[in-house]
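# Report on the structure
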Amino acid sequence: MKELLPAVAAGGTFAGGVLLGLAAGILAGRQTGNQLWVLAGLFGGMVFGGYGALRLLLRSGK
């Protein structure tokens, strides 16, 4: 069970980054009226969430 903890934390970091990016994109889309911000926020969240997840996995030695 202990060996799964870094993978679960990395998955949570990725999911959290995606959700935060999506929420930021939705807010920006509402303010500007341009819905492309939703996609930009989604992909930005994927990039930052993926980076954070990768760092967690590399630090754990997996």
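Residues numbered from 1 in each chain as written. Predicted model: local features only at pLDDT ≥ 70, side-chain atom pairs only at ≥ 80, totals over all residues. Heavy atoms only, no water.

With that settled, consider helix α2 (residues 36-60). Taking 1.5 Å per residue, 25 residues should reach 36 Å; α2 reaches 36 Å between its end C-alpha atoms and fits that length. Among the residues of α2, those classed as buried are V38, G41, G45, G49, G52 and A53. At its buried positions, α2 is contacted by α1 (5-32). (Helix = DSSP H or I, 4+ residues; strand = E, 2+ residues; numbered from the N terminus. Expected span 1.5 Å × (residues − 1). Buried < 20%, exposed > 50% of the residue type's maximum accessible area, 1.4 Å probe, protein only. Contact = heavy atoms within 4.5 Å.)

Time to look at a nonpolar patch on the surface. Among the surface-exposed residues, F14, L36, L39, F43 and M46 lie close enough to one another that they form a single nonpolar patch of about 480 Å² accessible area. With 4 residues, the single largest contributor to the nonpolar patch is α2. Take L36: it is sitting in helix α2. For L36, a relative accessible area of 59% translates into the label exposed. (Patch = residues over 30% accessible without salt bridge, like charges linked within 9 Å, V, L, I, M, F, W, Y side chains within 5 Å. Areas by Shrake-Rupley, 256 points an atom, 1.4 Å probe, with all protein chains shown as cover. Salt bridge = Lys/Arg side-chain N within 4 Å of Asp/Glu carboxyl O.)

Looking now at α1. With 28 residues, α1 should cover 40 Å at 1.5 Å per step; its first-to-last C-alpha distance of 40 Å lies within 8% of that length. Among the residues of α1, those classed as buried are P6, A10, G17, V18, G21, G25 and G29. Buried residues along α1 sit in contact with α2. Where α1 terminates, the next one or two residues include G33, which has phi positive at roughly 85°.

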